[in-house]
Amino acid sequence: MFVVSLTYKVPEDIVDYHRPAHMAWVKQAFDDGVFLASGRLVPAVGGVLLSKANRTTLDAALAKDPFYSNGVAEFEVIEFTATTVAEGYENLLDTQQHP
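Here is a short report on the structure shown in this document. (Residues numbered from 1 in each chain as written. Predicted model: local features only at pLDDT ≥ 70, side-chain atom pairs only at ≥ 80, totals over all residues. Heavy atoms only, no water.)

## Brief notes about helix 1 (residues 12–31)
Thinking step 1. With 20 residues, helix 1 extends 27 Å from end C-alpha to end C-alpha; this agrees with the ideal 28 Å at 1.5 Å per step.
Thinking step 2. Approximately 45° is the largest bend angle found in helix 1, and it occurs at Arg19, with the proline Pro20 only one to four residues beyond.
Thinking step 3. Taken together, the buried residues of helix 1 touch strand 1 (2–8), strand 2 (35–40), strand 3 (46–51), helix 2 (55–63) and helix 3 (66–69).
Thinking step 4. Just downstream of helix 1, Gly33 is the residue with a positive phi angle, here 80°. (Helix = DSSP H or I, 4+ residues; strand = E, 2+ residues; numbered from the N terminus. Expected span 1.5 Å × (residues − 1). Bend = angle between axes of the 7 residues up to and from the residue. Contact = heavy atoms within 4.5 Å.)

Okay, here's the thing in structure tokens:
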């Protein structure tokens, strides 16, 4: 599983200019099954995306984000294995065997 942290690199007015295209991209990525959750950081200096897609699929999706292609945000991708989850979130468990 991956947590993607986006940090804005430009002033808020430029972020706001690109936000509609970014949100359309987010919607499409959800429709494509790439993301499980998304939201803004508090304070609003970026955002977070949660993905269970494979790394190749995730990287391809991130490359299409208008925030990325227009230099609005930098991305940090953190991979982790979910081994314990709260009841009702079992779909987040990593079911693959790792060496």
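Next comes the rest of the account.
## Description of the packing of aromatic side chains
Thinking step 1. Inspection of the entire model under this criterion finds four aromatic pairs.
Thinking step 2. Here the aromatic rings of Trp25 and Phe35 are separated by 5.5 Å at their centres, their planes lie at 70°, and the arrangement is edge-to-face. Taken together, the residues span a long stretch of sequence, with Trp25 in helix 1 and Phe35 in strand 2 at a distance of 10 residues.
Thinking step 3. Looking at Trp25, the relative accessible area reads 10%, which means it is buried. (Phe/Tyr/Trp six-rings, centres within 6.5 Å; stacked < 30°, edge-to-face > 60°. Buried < 20%, exposed > 50% of the residue type's maximum accessible area, 1.4 Å probe, protein only.)

## Some points on the pairing of strand 2
Thinking step 1. Relative to strand 3, strand 2 runs antiparallel, the two being bridged by five bridges. Bridging across to strand 3, Arg40 finds its partner in Gly47.
Thinking step 2. The loop that links strand 2 with its antiparallel partner strand 3 comprises five residues. (Pairing = 2+ DSSP bridges.)

## Concerning the side chain of Asp65
Thinking step 1. With respect to the helices, strands and loops of the structure, Asp65 is situated in the loop between helix 2 and helix 3.
Thinking step 2. For Asp65, which is buried and forms no salt bridge, the nearest opposite charge comes from Arg19, at a distance of 10.0 Å. (Lys, Arg positive; Asp, Glu negative; His and termini not counted. Salt bridge = Lys/Arg side-chain N within 4 Å of Asp/Glu carboxyl O.)

## A look at helix 2
Thinking step 1. Within helix 2, the full set of buried residues consists of Leu58, Ala61 and Leu62. The buried side chains of helix 2 occupy one side of the element, clustering within an arc of 100° when seen end-on.
Thinking step 2. Buried residues in helix 2 make contact with strand 1, helix 1, strand 2, strand 3, helix 3 and strand 4 (73–79).
Thinking step 3. For helix 2, the capping residue at the N-terminal end is Asn54, with a side-chain oxygen 3.1 Å from the backbone nitrogen of Thr56. (Arc of directions from axis to C-beta. Polar contact = N/O pair within 3.5 Å; in protein donor to acceptor, adjacent residues only side chain to side chain.)

Treat this as a map of the structure, not an account of what it does.
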